[in-house]
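Structural overview
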Amino acid sequence: AGEFYTPRSVVRLLVHILDPQPGETVYDPACGSGGMLIEAIRYMHDDSLCCGSIFGQEKNVVNAAIAKMNLFLHGASDFNVMQGDTLRDPKILQGGNIAKFDCVIANPPFSLENWGATEWSSDKYKRNIYGTPSDSCGDYAWIQHMICSMSSGKGRMAVVMPQGILFRGNQEAEIRKQLVESDLIEAVVTLGDKLFYGTGLSPCFLIIRRMKPAHHSGRILMIDGSKILTQKRAQNILEENDIDRLYSLYQNYSDEEDYSRIVTLQEIRDKEYNLSPNRYVV
């Protein structure tokens, strides 16, 4: 069903970029066995303020149970993990609406089929802010759900996706255009191949912020991280120095030959809203 275990190194990188602070809320709408939530707790040094601020939803009954057990075994005493289909039936609500969180992080199932496009087109939570993707691929439904789950102000999110979301056409092209024009995307990062167990797909991730820093406004940082990895015989991995390299490219927010480039929204319009970093990084 397009579900892939997220390498711990990728999870660490995303949590590091989001930088959750004790007392902030963290939410994973496709939490699997809870790895991203556990990494967020670890990043906050198991601070007592994490208590009651960790949220997740998972469709698979067994994985949802494992996530609860994992969180409990990692010392999280008060968390909220719900079992259910996030796209069709979001369970974590506030006053009858989608709940809002400081940090939203996920590696949802890639290109999910029959995910519920018909219900989405008249979604009672109004998550279809940019439109309804085709029922053959739910990637942009997850992205829109996560955007709607970000709190105002400091709300931010990191989402792992197949690279197809950066350039595919039809409904996705229109949704991507609106997402770009909303100026919420801070960075697009492509990763190398053979990093994810069980798939040859090369993933990417988006960093999206409700309020970008003023000097990032009207711009997106493109990072081509496809060559930043350590090759092993069967599986490529991100070692500590690879993670540090990707993190510093994000932190520096500057042009670096072969690796990163800041592009304006106008440049993206000129390339018909294609978000693939290799179209911009030279």
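Keep in mind that what you see is a predicted model, and the values were worked out from it rather than measured.

Our focus in this paragraph is the overall build of the protein. Assigned secondary structure in the protein consists of eight helices and 11 strands. By the compact-globule yardstick of 19 Å for 282 residues, the protein fits well, its C-alpha radius of gyration being 18 Å. C-alpha atoms of the protein, sized along the principal axes, occupy 50 × 45 × 40 Å. For the protein, the proportion of contacts with a sequence separation of at least 24, taken over those separated by at least 6, is 72%. Per element, the accessible surface of the protein, about 12,200 Å² overall, is 49% carbon and sulfur. Positive and negative side-chain charges in the protein, numbering 29 and 35 respectively, have mean positions lying 2 Å apart.

This part takes up the nonpolar core. Counting 44 residues, the largest nonpolar core has I143, I147, M157, I208, I220, M222 and I268 as the members making the most contacts within it. One finds V11, I207, L249 and Y253 within the second-largest nonpolar core, a separate group that totals 41 residues.

Below, the discussion takes up helix α6 (residues 171-181). Inspection of α6 places E172, I175, R176, L179 and V180 among the buried residues, and these make up the whole buried set. Along the axis of α6, the buried positions cluster into a sector of 135°, meaning they face one direction only. Note on α6: the residue one or two positions beyond its end, D183, has a positive phi of about 60°.

Looking at the secondary structure, you find S260 in strand β11 (residues 260-264). There is a polar contact of 2.8 Å between the side chain of S260 and the backbone oxygen of S254. For S260, the contacting residues outside a window of four places in its chain are L221, M222, I223, L249, S254, D255 and V281.

A few words now on the pattern of salt bridges. In total, this model carries 17 salt bridges according to the counting rule given. When the shortest N-O distance is used, the salt bridge between E119 and R88 registers 3.1 Å. Of the two residues, E119 is situated in helix α4 (residues 117-121) and R88 in the loop between β3 (80-83) and β4 (93-94); the sequence distance between them amounts to 31 residues. Look at E119 and you get partly exposed, because its relative accessible area is 42%. Of the charged contacts, one joins E267 and R261 as a salt bridge, the two residues approaching to 2.5 Å between their closest N and O atoms.

Another point: the sheet that holds strand β2 (residues 54-58). Within a sheet, adjacent strands bond to each other through the backbone by hydrogen bonds, running parallel or antiparallel. Here we have nine strands laid out as an open sheet, ordered β3-β2-β1-β6-β7-β9-β8-β10-β11, and mixed in their pairing. Unpaired on one side and paired on the other, β3 and β11 mark the two borders of the sheet. Averaged over all pairs of adjacent strands, the angle between strand axes in this sheet comes to 15°, irrespective of strand direction. Bridge count for strand β8 (residues 185-191) against strand β10 (residues 219-225) is five bridges, and the pairing is parallel. Paired with T190 across the two strands is D224, which belongs to β10. Across the sheet, helix α7 (residues 240-252) is in contact with β8, β9 (203-209), β10 and β11; its angle to β10 comes to roughly 160°.

Looking now at the packing of aromatic side chains. Ring pairs (aromatic) are described by centroid distance and by the angle formed between their planes. One pass over the structure, following the stated rule, counts three aromatic pairs. Aromatic side chains Y27 and F101 sit 4.4 Å apart centroid to centroid with 20° between the ring planes, which places their arrangement in the stacked category. Placement of the pair is Y27 in strand β1 (residues 26-28) and F101 in the loop between β5 (97-98) and β6 (103-106), with a sequence separation of 74 residues. By relative accessible area, which is 3% here, F101 ends up buried. Feature note: the residues Y27, F55 and F101 constitute an aromatic cluster, connected by ring pairs.

With that settled, the discussion passes to the state of the cysteines. Taken as a whole, this structure holds zero disulfides when the rule is applied. Not engaged in a disulfide, the cysteine C31 finds its nearest cysteine sulfur in C103; these two sulfurs lie 16 Å apart. A relative accessible area of 4% places C31 in the buried class.

What counts, and at which threshold
Residues numbered from 1 in each chain as written. Predicted model: local features only at pLDDT ≥ 70, side-chain atom pairs only at ≥ 80, totals over all residues. Heavy atoms only, no water. Helix = DSSP H or I, 4+ residues; strand = E, 2+ residues; numbered from the N terminus. Rg over C-alpha atoms; globule rule 2.2 N^0.38 Å. Contact = heavy atoms within 4.5 Å. Areas by Shrake-Rupley, 256 points an atom, 1.4 Å probe, with all protein chains shown as cover. Lys, Arg positive; Asp, Glu negative; His and termini not counted. Charge placed at Lys NZ, Arg CZ, Asp CG, Glu CD. Core = buried A, V, L, I, M, F, W, Y, C linked by side-chain atoms within 4.5 Å. Buried < 20%, exposed > 50% of the residue type's maximum accessible area, 1.4 Å probe, protein only. Arc of directions from axis to C-beta. Polar contact = N/O pair within 3.5 Å; in protein donor to acceptor, adjacent residues only side chain to side chain. Salt bridge = Lys/Arg side-chain N within 4 Å of Asp/Glu carboxyl O. Pairing = 2+ DSSP bridges. Axes fitted to C-alpha atoms, helices over the stretch in contact; angles between N-to-C directions. Phe/Tyr/Trp six-rings, centres within 6.5 Å; stacked < 30°, edge-to-face > 60°. Disulfide = S-S within 2.5 Å.

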